[in-house]
Amino acid sequence: MSKFAKSLVSAAVVTTAMTATTVTVQAADRVLLKTPIAFGSHLPALGTPIKWVSEQLPLMSEGSIKMKLYEPGKLVGAKEILGAVSAGKVNSGYATAGYWQGKIPAAALFSAVPFGPEAGEYMAWLYYGNGLKLYQEMYDSNGYNVKVLPCAIISPETSGWFKKEINTPDDLKGLNMRFFGLGASVMEKMGVSTSQLPGGEIFGALEKGAIDATEFSQPAIDQRLGLYKIAKYNYFPGWHQQATIFELLINKDTWNDMSKSQKAIVDNTCKASVTNAIAEGEAMQFDVMANAKDNGVHIRYWNDTMLTAFEDKWDEVVSEKTAEDPFFKKVWDDLSTFRKGYDLWESNAFLPRAKNN
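Summary of the structure given here. Here the structure is a predicted model, which means the values were calculated and not measured. (Residues numbered from 1 in each chain as written. Predicted model: local features only at pLDDT ≥ 70, side-chain atom pairs only at ≥ 80, totals over all residues. Heavy atoms only, no water.)

Re the state of the cysteines
- Enumeration over the complete set of coordinates arrives at one disulfide.
- What pairs with Cys-151 in a disulfide is Cys-270, and their sulfur atoms sit 2.1 Å apart. Disulfide Cys-151-Cys-270: the torsion about the S-S bond is -85°, which places it as left-handed. Taken together, the positions of Cys-151 in strand β4 (residues 146-154) and Cys-270 in helix α10 (residues 260-283) put the pair 119 residues apart, joining distant regions of the chain. (Disulfide = S-S within 2.5 Å. Helix = DSSP H or I, 4+ residues; strand = E, 2+ residues; numbered from the N terminus.)

Structure (structure tokens):
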């Protein structure tokens, strides 16, 4: 064999070895995020954002990151997602932090805040204030082995569906109502008995009379649940959820094993999802509301007496929770300081809202 031929053979062997090594490394670097979700992927703005993320990740990463979604209850129950991800039973999950407020009181502040920030202000605090730092610190300090990424946000929800008109605080007393998050504590102080039923159980409970009223989400989402068929009075504004954050939780061991590029792709895809989710939510509400009368629905805006009563009770809830839990106080104080600064911008920058009819 000539020297030239030997050189070709040697080069071929080296190239083959390098290619095999590269393939092995690439295979080892592939990540499959098995992701139970708390909201059905068919629900617009609630479940569709994470479905969009699952479609974008393999495209953005050229196949090195894939995500397999598991519909609510198929692999892990919605309220078990945090524990399952932390323990490594699954390596990721999609939910909202308000589900964990029974174990971590401050978690609700990273989900939805009564009379709290709208989406733009919330995002400003998260990304350019101390929000994200405190969000991760919350999980770390409570012993959860998770990396948290905000992965969607929606704008205001409706304030609730009632079978009768509500004109005074007394009209609420004695009602059984499905209610979420910190707003439920406010409603309890208003004399309402609350429960946090999952979306799939609300219609049946309302139909059977197990609950008298309910809130769930935005008009286009509530329509999917058929709430208008039973409760004909739909109240606004959603004082309890002016904006709601949804989180992607990734097991920290899985996160730490990912390359810098993979981490950046997941992080930035979630940021893109935040933009996509709020755009989707904002675009689909008015058509549903415009057709409300066709379904016999009466849209109502809370009178000043009711809004003042809700806010007064919220102030009581804040006083109690900040006194009971030091980390809740830490987050609340930081958010409040940010919001006081933001008020100067907000009060000068924006046109007045259009008056409700």
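Quick notes on the environment of Asn-251
- Note on placement: Asn-251 falls in strand β10 (residues 244-251).
- In this structure Asn-251 comes out as buried when scored by relative accessible area, which is 5%.
- As for Asn-251 and Leu-225, which are separated by 26 residues in sequence, their C-alpha atoms are 32 Å apart.
- Apart from residues lying up to four places away in sequence, Asn-251 is in contact with Val-85, Ser-86, Ala-87, Gly-88, Val-90, Asn-91 and Asn-145.
- At 2.8 Å, the side chain of Asn-251 and the backbone oxygen of Val-85 are in polar contact. (Buried < 20%, exposed > 50% of the residue type's maximum accessible area, 1.4 Å probe, protein only. Contact = heavy atoms within 4.5 Å. Polar contact = N/O pair within 3.5 Å; in protein donor to acceptor, adjacent residues only side chain to side chain.)

A word on the packing of aromatic side chains
- In total, this model carries 19 aromatic pairs according to the counting rule given.
- The interplanar angle of 90° and the centroid separation of 5.5 Å between the aromatic rings of Phe-39 and Phe-246 together place this pair among those described as edge-to-face. Placement of the pair is Phe-39 in the loop between β1 (31-36) and α2 (48-60) and Phe-246 in strand β10, with a sequence separation of 207 residues. Of the two residues examined, Phe-39 and Phe-246, each falls in the buried class.
- Relative to Trp-332, the ring of Trp-314 lies with its centre 5.8 Å away and its plane at 80°, an arrangement referred to as edge-to-face. With Trp-314 in helix α12 (residues 304-324) and Trp-332 in helix α13 (residues 326-349), this residue pair connects regions lying 18 residues apart in the sequence. Residue Trp-314 shares its accessibility class with Trp-332, and that shared class is buried.
- Through successive ring pairs, a cluster of aromatic residues spans Phe-115, Phe-162, Phe-179, Tyr-235, Trp-239, Trp-302 and Phe-310.
- Against the face of Tyr-70 rests Lys-68, its NZ or CZ located 5.4 Å from the ring centre. (Phe/Tyr/Trp six-rings, centres within 6.5 Å; stacked < 30°, edge-to-face > 60°. Lys NZ or Arg CZ within 6 Å of the ring centre and 35° of its normal.)

Notes on the pairing of strand β2 (residues 65-70)
- Two elements, β1 and β2, share six bridges in a ladder whose sense is parallel. Note on β2: the bridge partner recorded for Lys-34 is Lys-68. (Pairing = 2+ DSSP bridges.)

Quick notes on the pattern of salt bridges
- Evaluated as defined, the whole model comprises eleven salt bridges.
- Residues Lys-330 and Glu-137 are paired through a salt bridge, measuring 2.7 Å at the closest nitrogen-oxygen approach. Residue Lys-330 is found in helix α13, and its partner Glu-137 is found in helix α5 (residues 131-141); the two are separated by 193 residues along the sequence.
- Judged by its relative accessible area of 39%, Lys-330 is partly exposed.
- Across the pair Lys-252 and Asp-140 runs a salt bridge whose closest N-O atoms are separated by 2.8 Å. Of this pair, Lys-252 sits in helix α9 (residues 252-257) while Asp-140 sits in helix α5, and the two are 112 residues apart along the sequence.
- On the accessibility criterion, Lys-252 (23% relative accessible area) is partly exposed.
- When its relative accessible area of 37% is taken as the criterion, Asp-140 is described as partly exposed. (Salt bridge = Lys/Arg side-chain N within 4 Å of Asp/Glu carboxyl O.)

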